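# Residue-level structural notes
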Amino acid sequence: MVESKLDAVEIFHIRMRLREPFRTSFGVEHDRECLILKLEAGGFVGWGESVAGQFPGYSYETAQTAWHVLEEFFLPALAQSHLLTPTGLREALKPFKGHPLARAGLEMALWDLLGKREGRSLRDLLGGQRTSVPVGVSIGVQENLDSMLAQIDGYLSQGYQRIKVKIKPGADVEIVAGIRELYPAVRLQVDANSAYRIEDADHLKALDDLDLQLIEQPLAEDDIIDHAALQKHLKTDICLDESILNLRHTIQAVDMGACRIINIKSGRVGGLLEAVRIHDYCLERGIPVWCGGMLETNVGRAANLALAALPGFTLHGDISASDRYYEHDIAVPTFSLNPDSTMDVPSQPGLGVEMDFEALKQFSLRSIRKEF
């Protein structure tokens, strides 16, 4: 394996206006913040995206905390390493705990760097087998059925064949039942983002009659035990998201019967290396997985597509088209939905995207460059 040193790094803290507010049980987002990382080494440039957002709702991490831990700890550790690879990064960051979203953004940039250096696509590096992957759309919490149906009708007309809707207490069973009545055959999922308690088990059981593909993360993110109890109470498959931070959590959840499906987000588990390990275990155990989304730019979207090309990703992922969330993205190419509700996986070296520097500058709140 070729050794190399980090020459320079830039961090961009960006804020992009969403095409429409995105509502979950955590709150409402009008803008999306994240960090974009640029690594330079040996004449090559690698780009990564840390999906840490504006406020600590989905995760305790924010763009501010990710900036701090990257600048003060992770990047200095990487600069001391002679192995600029994802495995080298994992070794370099062993002294530090937590901050998976920051780790994942840095690791993504190294995957891009590695792919460009070796002339191989990220899909090839990860072991992906598909040239296109099935995708769906995630719709935020709506306060009434008419609003939800209008959203769904629009996305179905665009060609999306799987619909996931966010739910919370007071905006759940009645709305989902109305969706199923109007669309009896659509692939339908619900996502609670930890909005319920085990005491709500009987209420959630009403969803069993609505032929859902899954109920995603109904209970607290740190409670695998109650999820196991709830899964025994429900016919519908539970899918875990926030509860799965690594392979160890995956093994525990599967062994306890806490879920029958896993949502894999590389950011949540600290990077693509761990995401592939989780995928491989689930494939061996016959547990379906799918790729979750975090409102990514085309940088993170390209990485998600490469990950979802692995054989165990048998369910439609939350990897919507580039124009789903933003009027103008910071990277090209633009990813579009195919007529069969799939999206093409980049085949160019690395992530397969190029930065639109004018857009990056337009959306940047601040940036920093360090040379080593």
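What this report covers is the structure whose coordinates are included nearby. Being a predicted model, the structure only gives us computed values, none of them experimental.

The rules behind these values
Residues numbered from 1 in each chain as written. Predicted model: local features only at pLDDT ≥ 70, side-chain atom pairs only at ≥ 80, totals over all residues. Heavy atoms only, no water. Axes fitted to C-alpha atoms, helices over the stretch in contact; angles between N-to-C directions. Helix = DSSP H or I, 4+ residues; strand = E, 2+ residues; numbered from the N terminus. Parallel < 35°, antiparallel > 145°, perpendicular 65-115°, else oblique. Left-handed = near helix turned anticlockwise from the far one by under 90°. Contact = heavy atoms within 4.5 Å. Phe/Tyr/Trp six-rings, centres within 6.5 Å; stacked < 30°, edge-to-face > 60°. Buried < 20%, exposed > 50% of the residue type's maximum accessible area, 1.4 Å probe, protein only. Lys NZ or Arg CZ within 6 Å of the ring centre and 35° of its normal. Pairing = 2+ DSSP bridges.

Direction vectors running N to C along helix α1 (residues 63-79) and helix α3 (residues 100-118) enclose 50 degrees, while the axes themselves pass 10 Å from each other. When the interaxial angle is binned, α1 and α3 end up oblique. The handedness of the crossing between α1 and α3 comes out as right-handed. Contact with α1, carried on its side by Ala66, Val69, Leu70, Phe74, Leu75 and Leu78, involves Ala102, Arg103, Leu106 and Leu110 of α3 and no other residues of that element.

A full pass over the atoms with the stated rule returns seven aromatic pairs. Ring centres 6.4 Å apart and planes at 35 degrees place the aromatic pair Phe12 and Trp47 in the tilted group. With Phe12 in strand β1 (residues 8-24) and Trp47 in strand β3 (residues 44-50), the pair connects residues that are 35 residues apart, well separated along the chain. Residue Phe12 is classed as buried on the basis of its relative accessible area of 10%. What makes Trp47 buried here is its relative accessible area of 6%. Look at Tyr155 and Tyr160: their rings are 6.0 Å apart centre to centre, the planes differ by 75 degrees, and that puts the pair in the edge-to-face class. Taken together, the aromatic side chains of Phe12, Trp47 and Phe357 make up a single cluster linked through ring pairs. Lying across the ring of Trp290, Arg162 places its NZ or CZ 5.6 Å from the centre.

So, about the pairing of strand β2 (residues 27-41). Across the 15 residues of β2, eleven count as buried, placing the element largely inside the fold. For β1 and β2, the ladder comprises 13 bridges, and the chain directions are antiparallel. Across the sheet, the residue bridging to His13 is Leu35, located in β2. Counted between consecutive antiparallel strands, the loop separating β1 from β2 contains two residues. Once β2 ends, the chain turns through two residues before running back antiparallel as β3, passing Gly42 with a positive phi of about 60 degrees.

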